[in-house]
Amino acid sequence: MSDGKTGQIDNVMHESRLFPPSPEFASKARVKSVEEYEKIWNEAKADIPAFWDKFAKEELHWFEPYNQVLEWNCPDAKWFVGGKTNVSYNCLDRHLGTPTADKTAILWEGEPGDQRTLTYKELHVEVCKFANVLAGLGVETGDRVSLYMPMVPELAIAMLACARIGAIHSVIFAGFSAESIADRNNDAQAKVIVTADAGWRRGKELHLKAIVDEALEKSETIEKCVVLKRVGNEIEMKPERDLWWHELMADASAEREATPLDSETPLFILYTSGSTGKPKGILHTTAGYNLYAKKSFEWVFDHRDDDIYWCTADCGWITGHSYVVYGPFSAGATCVMYEGAPNFPDEGRFWEIIEKYKVTIMYTAPTAIRAFIKWGDQWVDKHDLSSLRLLGTVGEGINPEAWMWYHKKIGGERCPIVDTWWQTETGGIMMSPLPGAIATKPGSCTRPLFGIVPGIYDSSLEEVGKNQGGMLTITQPWPGMLRGVWGDRERFEATYWSRVPGKYLAGDNARCDEDGYYWIMGRIDDVINVAGHRLSTIEVESALVSHPLVAEAAVVGRPHDIKGEAIAAFVTLKDTEASEEAREILKQHVRKEIGALAVPDDIRFTSILPKTRSGKIMRRLLRDIASGKEEVGDTTTLEDYSVLAKLRDND
Ligand code: ATP
Ligand code: MG
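The name given to the chain in an unreviewed UniProt entry is Acetyl-coenzyme A synthetase, and the organism recorded there is Bremerella cremea. Its UniProt record gives the chain a comment under Cofactor (unreviewed entry), which states: "Mg(2+)". You can read under Catalytic activity (unreviewed entry) in the UniProt record for the chain the words "acetate + ATP + CoA = acetyl-CoA + AMP + diphosphate".

(A) Looking closely at the state of the cysteines. Tallying each qualifying case throughout the model produces zero disulfides. Of all cysteine sulfurs, the one in C445 lies closest to C512, which takes part in no disulfide; the gap is 9.7 Å. By relative accessible area, which is 10% here, C512 ends up buried.

(B) Summary view of the packing of aromatic side chains. Counting across every chain of the model gives 44 aromatic pairs. Seen from their ring centres, Y120 and F329 are 5.9 Å apart, and the 85 degrees between their planes marks the pair as edge-to-face. Residue Y120 is located in helix 5 (residues 120-136), and its partner F329 is located in helix 11 (residues 318-330); the two are separated by 209 residues in the primary sequence. You'll find Y120 and F329 in the same group, each marked buried. Geometrically, the ring pair formed by W351 and F372 is edge-to-face, given 4.7 Å between the ring centres and 65 degrees between the ring planes. Taken together, the positions of W351 in helix 12 (residues 349-357) and F372 in helix 13 (residues 366-375) put the pair 21 residues apart, joining distant regions of the chain. Each member of the pair, W351 as well as F372, is classed as buried. Among the aromatic residues, those joined into a cluster by ring pairs are Y37, F51, W52, F55, Y292, W299 and F450. R184 extends its terminal NZ or CZ atom over the ring of F176, reaching a point 4.4 Å from the ring centre. We note K229 situated over the ring of W244; from NZ or CZ to the ring centre the distance is 4.9 Å.

(C) Layout of the domain arrangement of the chain. Assigned domains of the chain: these are domain 1 (23-510) and domain 2 (526-649). Domain 1 and domain 2 are separated by 30 Å when their C-alpha centres are compared. With 25 residues of domain 1 at the contact, the number on the domain 2 side is 25 residues. Where domain 1 abuts domain 2, roughly 1900 Å² becomes buried across the two surfaces, and 55% of that area is made up of carbon and sulfur atoms. At the junction of domain 1 with domain 2, the criterion picks out one salt bridge.

(D) Representation of the sheet that holds strand 21 (residues 454-457) within the structure. Ordered in space as 21-22-24-25, the four strands form an open sheet in which the pairing is antiparallel. One side of each edge strand has no neighbouring strand; the edge strands of this open sheet are strand 21 and strand 25 (518-523). Put simply, the sheet's adjacent strands are angled 45 degrees from each other on average, direction ignored. Sheet topology places strand 21 next to strand 22 (residues 470-474); four bridges connect them, and they run antiparallel. The partner of G455 across the bridge, within strand 22, is T473. On top of the sheet, helix 17 (residues 537-545) reaches strand 24 (504-512) and strand 25; it is set at about 100 degrees to strand 25, its chief contact.

(E) Molecular detail of the sheet that holds strand 18 (residues 361-364). Read across the open sheet, the seven strands follow the order 5-4-17-16-18-19-20; overall the sheet is mixed. The sheet terminates laterally at strand 5 (115-119) and strand 20 (417-420), the two strands that pair on one side only. If you compare each strand with its neighbour and ignore which way they point, the axes differ by 20 degrees on average. Taken together, the four bridges between strand 19 (residues 390-394) and strand 20 define a ladder with parallel strand orientation. Paired with V394 across the strands is T420, a residue of strand 20.

(F) The layout of surface pockets, seen in detail. In this structure, the second largest pocket encloses a volume near 290 Å³. If you go around the second largest pocket, you meet 18 residues; those closest to its centre are P454, K466, C512, G516 and Y518. Going through the elements one at a time, helix 2 (34-46) and strand 21 are the ones with two or more residues in the lining of the second largest pocket. The element that contributes the greatest number of residues to the lining of the second largest pocket is helix 2, accounting for four residues. Looking at the lining of the second largest pocket residue by residue, the class counts come to nine nonpolar, five polar and four charged.

(G) View of the nonpolar core. By size, the foremost hydrophobic cluster in this structure holds 146 residues, and its most contacted members are F130, F301, Y326 and F329. Top element by residues in this core is helix 6 (residues 153-165). It accounts for 10 residues. With sequence-adjacent residues up to four places away left out, Y326 is seen in contact with V87, C91, M159, L160, A163, H169, L267, F268, Y289, A293 and H321. Judged by nonpolar contacts, the second largest core, of 29 residues, contains I373, I398, I410 and C415.

(H) Expanded view of the UniProt feature "modified residue: N6-acetyllysine" (unreviewed entry) in the chain. Taken from the UniProt record, the annotation "modified residue: N6-acetyllysine" (unreviewed entry) applies to K616. With respect to the element layout, K616 can be found in the loop between strand 30 (602-605) and helix 19 (619-626). Here the side chain of K616 touches G395 through a polar contact of 3.1 Å, landing on its backbone oxygen.

(I) Looking closely at the confidence of the model for the chain. Counting all residues, the mean pLDDT for the chain is 94, and 98% of those residues have values of 70 or more. Predicted as a complex, the structure gets a pTM of 0.95 and an ipTM equal to 0.99.

(J) Representation of the side chain of D508 within the structure. The topology assignment puts D508 in strand 24. One buried charged residue, D508, remains without a salt bridge, the closest side chain of opposite sign being R523 at 4.8 Å. If near-sequence neighbours (up to four positions away) are discounted, D508 is found in contact with W421, Q423, G470, M471, L472, I520, G522, R523 and I524.

(K) A look at the pairing of strand 4 (residues 104-109). Buried residues dominate strand 4, accounting for five of its six residues. Where strand 4 and strand 5 come together, five bridges link them in antiparallel fashion. Each bridged residue has a counterpart across the sheet, and for W108 the counterpart in strand 5 is R116. Hairpin connection between strand 4 and strand 5: a loop of five residues separates the two successive antiparallel strands, and G113 in this loop has a positive phi of roughly 110 degrees. When strand 4 meets strand 17 (residues 334-338), the two strands line up parallel, connected through four bridges. Looking at the pairing, E109 lines up with Y338 of strand 17.

Cut-offs and rules
Residues numbered from 1 in each chain as written. Chains lettered and ligands numbered in written order. Predicted model: local features only at pLDDT ≥ 70, side-chain atom pairs only at ≥ 80, totals over all residues. Heavy atoms only, no water. UniProt positions renumbered as here; feature names shortened; annotations may be inferred. Disulfide = S-S within 2.5 Å. Buried < 20%, exposed > 50% of the residue type's maximum accessible area, 1.4 Å probe, protein only. Phe/Tyr/Trp six-rings, centres within 6.5 Å; stacked < 30°, edge-to-face > 60°. Helix = DSSP H or I, 4+ residues; strand = E, 2+ residues; numbered from the N terminus. Lys NZ or Arg CZ within 6 Å of the ring centre and 35° of its normal. Domains from an automatic or database assignment. Contact = heavy atoms within 4.5 Å. Buried area = accessible area lost by both parts, 1.4 Å probe. Salt bridge = Lys/Arg side-chain N within 4 Å of Asp/Glu carboxyl O. Pairing = 2+ DSSP bridges. Axes fitted to C-alpha atoms, helices over the stretch in contact; angles between N-to-C directions. 1 Å grid on protein atoms, 1.4 Å probe; cavity = no way out; pocket = protein on both sides within 12 Å on 5 of 7 lines; lining within 4 Å. Points joined across faces, edges and corners; volume = space filled by probe spheres on them. Nonpolar A, V, L, I, M, F, W, Y, C, P; charged D, E, K, R; others polar. Core = buried A, V, L, I, M, F, W, Y, C linked by side-chain atoms within 4.5 Å. Polar contact = N/O pair within 3.5 Å; in protein donor to acceptor, adjacent residues only side chain to side chain. pLDDT = per-residue confidence, 0-100. Lys, Arg positive; Asp, Glu negative; His and termini not counted.

Structure, rendered in C-alpha cells:
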C-alpha cells in the first residue's frame, strides 16, 4: 500500500485471467514462445545499437550507408548517422521488383459504399505524380505541408508524396475547426495545404474546403491550397491560391525518383490530441521512425503475406501514420481503409466490412468497442467474422469486461488480442503482447517490445517494486522516439526529460506485476489521492464497467476537506434509467470489486462523456466540472462542445 509520500500508487485491481495463444497460432507465428521472446528481448537490451543495426541494414534501402547506428546525447538521439534513405522508397519502390508490386496495397471503401483498390505499383505511380505536383508548387525538402482530408487513398498518397521529396507533413484530423487548423498551420509555418471539397460522415457532407477557407484567413504562410473533388458539392475556388487535385495530377509526370534524405530529415509533425492540454507538434524523422514502424508492425500483428489488415484509425492520428501508412506499406501489407462512421448506414458497418473483405487482422480503439457493446450483439451476429485471426486495441486502456466481449464476440475466443500501449511521441507500439508468444491478461498491455526497456519510478526517483504503481519511463533510446516538439525546445525538455533525469517520461502511471506484465494505470495528472492512497483511474473505472448496467465510466478526483480528494464518477448506463437505486448498486459493486477505499463519493449519470476527437475520455475537463469550477481548461480538441453544458445541467 502507498504511503502517499513516495508517490506510489495502489494496485487495486485483481485481474488474474490468462489467455495463452493456441498452439496452432503459436506454431505459425514470427515469435513462437515466451522463451524465444525473452531471449531476443535480453539480447536486444544487452546491445541496443547492434540489435537495430541488423534490421536497418537488411530491411531499409540505403542510398548511402550510415556510419554510426546511434549517437545519443540525452535527450537528442540521432539514429543511423550519415546514412541516406527515403521513407517513400522503402514503402513503395522497394517492392517494385518483387511479387509485392502487383499485390493490393489499399482496399478502400467510401462511406456511401464506393470502392477502390490500388496495387503497390499503382500507388507508386500516384505518389510519384503528386510528389511532382508538390514540387511544381514550390514545395522543397524541409517545407511543411498541412493535410486536412477525409480517409481517402489520396491522404496516404499525399503523405507518401511529401516523404518522397522530404517535405514535412502535418496531418490535421478532418474533424477539427477552422481555428484549430489555423493554429496548426501557423505553428508549423506551413506553405501548402491539401484538402477536399467535402468528406462523408454519418451520411452527411462535412464541408472541409469551406472550413479551410475560414482557416486560411488566419494562416499567413499558406500559399497554395490543393483541393480534391470527393463529394462534388459547390465550393468557392479562390484564383491563384486554390487548385484542383485532378487538374494538377492530369498534367503531372509519373516519373519521380525518391530524394535521398539524411536519416534524421524530419518526416512529419503531428499535433497530439490534447487529452492533457494545449496540442503540441511532435516531430518524427526519417530512418529510425521508418524502421520502428515496420518492425513493430510485423512483430505485433504477426504479419503474413496473405493477411488482410484493417486498422480503423484515421490518418489524423499517430495510429494512422504508423499503422495505416508507414508500417504496413514498408512491410508490403494489404490494408483496408474505410472513410466513414462505424454506425452508417447502421451499427453493423464494421462487421459487414470484415465479412466483405475477409479481414484477418483488426486494430481498433476501446472507445469503439464500448460503443459496439452498447449498440448490442445483434449487429455482430448478422455477419461472418471467421476470417479474423488477430485483434488489436489502441488509444486508451481497455477495461477487462470490454476485452472479454471483444475476445468472445468478435474474436470467437480464437483470436489473440494485442492491447498496444504507445504514444504519438513514441512513434510506434512500445508494449504489447507478441501474439504467438505471450499469454494475455485482460487489461494489461503485457510486455515491452524488443529494444524497449521500461522503468517505473516513484516521486523520489526510486525504482518501485513489483505491483507498485509509479511514473512510467523508457530508460533507453529507441529508433521511433520523438526528436522534438516543433519550435519549442523548452517544452520538449520540460515535458519528457526533466522529471526523471536521463529517462523518457511517458506521462502515464503504470505497475509491473510478478510476471513482468505492465498495467497502465492512467495519466500521471489523473491519479486520485484518497487519504494518502493514490488510486489508478483505469482500475476504478474498470470496476464500474464490469457491472452489467454500465456502458462507460470516467473517474476523477475532486478536492475534499478530510480525505484530500474524493472520487467522482461519471457513468453512462447501458439502457437502465438513472436512479438512486442504480447509484447504490454501483457503489456496492465497487466496494465488492476493489474495497471501501475506491467507492466513489459521487456518481453522476450522463448520456455522454467529454472525449477528444480520437475518442479518448478527457478526464481533466471532468475534474474541473466535479470540483465545481466555472471555467474549464483548453477545450479546442473536445469532440462535442454541448457535452460540457449537458454535464453541468446534471449538477
Ligand atoms: P495529449 O498528449 O495531447 O494529451 P494523448 O496523450 O491522448 O494527447 P496520444 O499520443 O494519441 O495522445 O495517446 C497516448 C496516450 O494514450 C498514452 O500516453 C496513454 O495515456 C493512452 N494509451 C494509449 N494506448 C494505451 C493502452 N493500450 N493502454 C492504456 N493507455 C493507453
Ligand atoms: Mg500524451
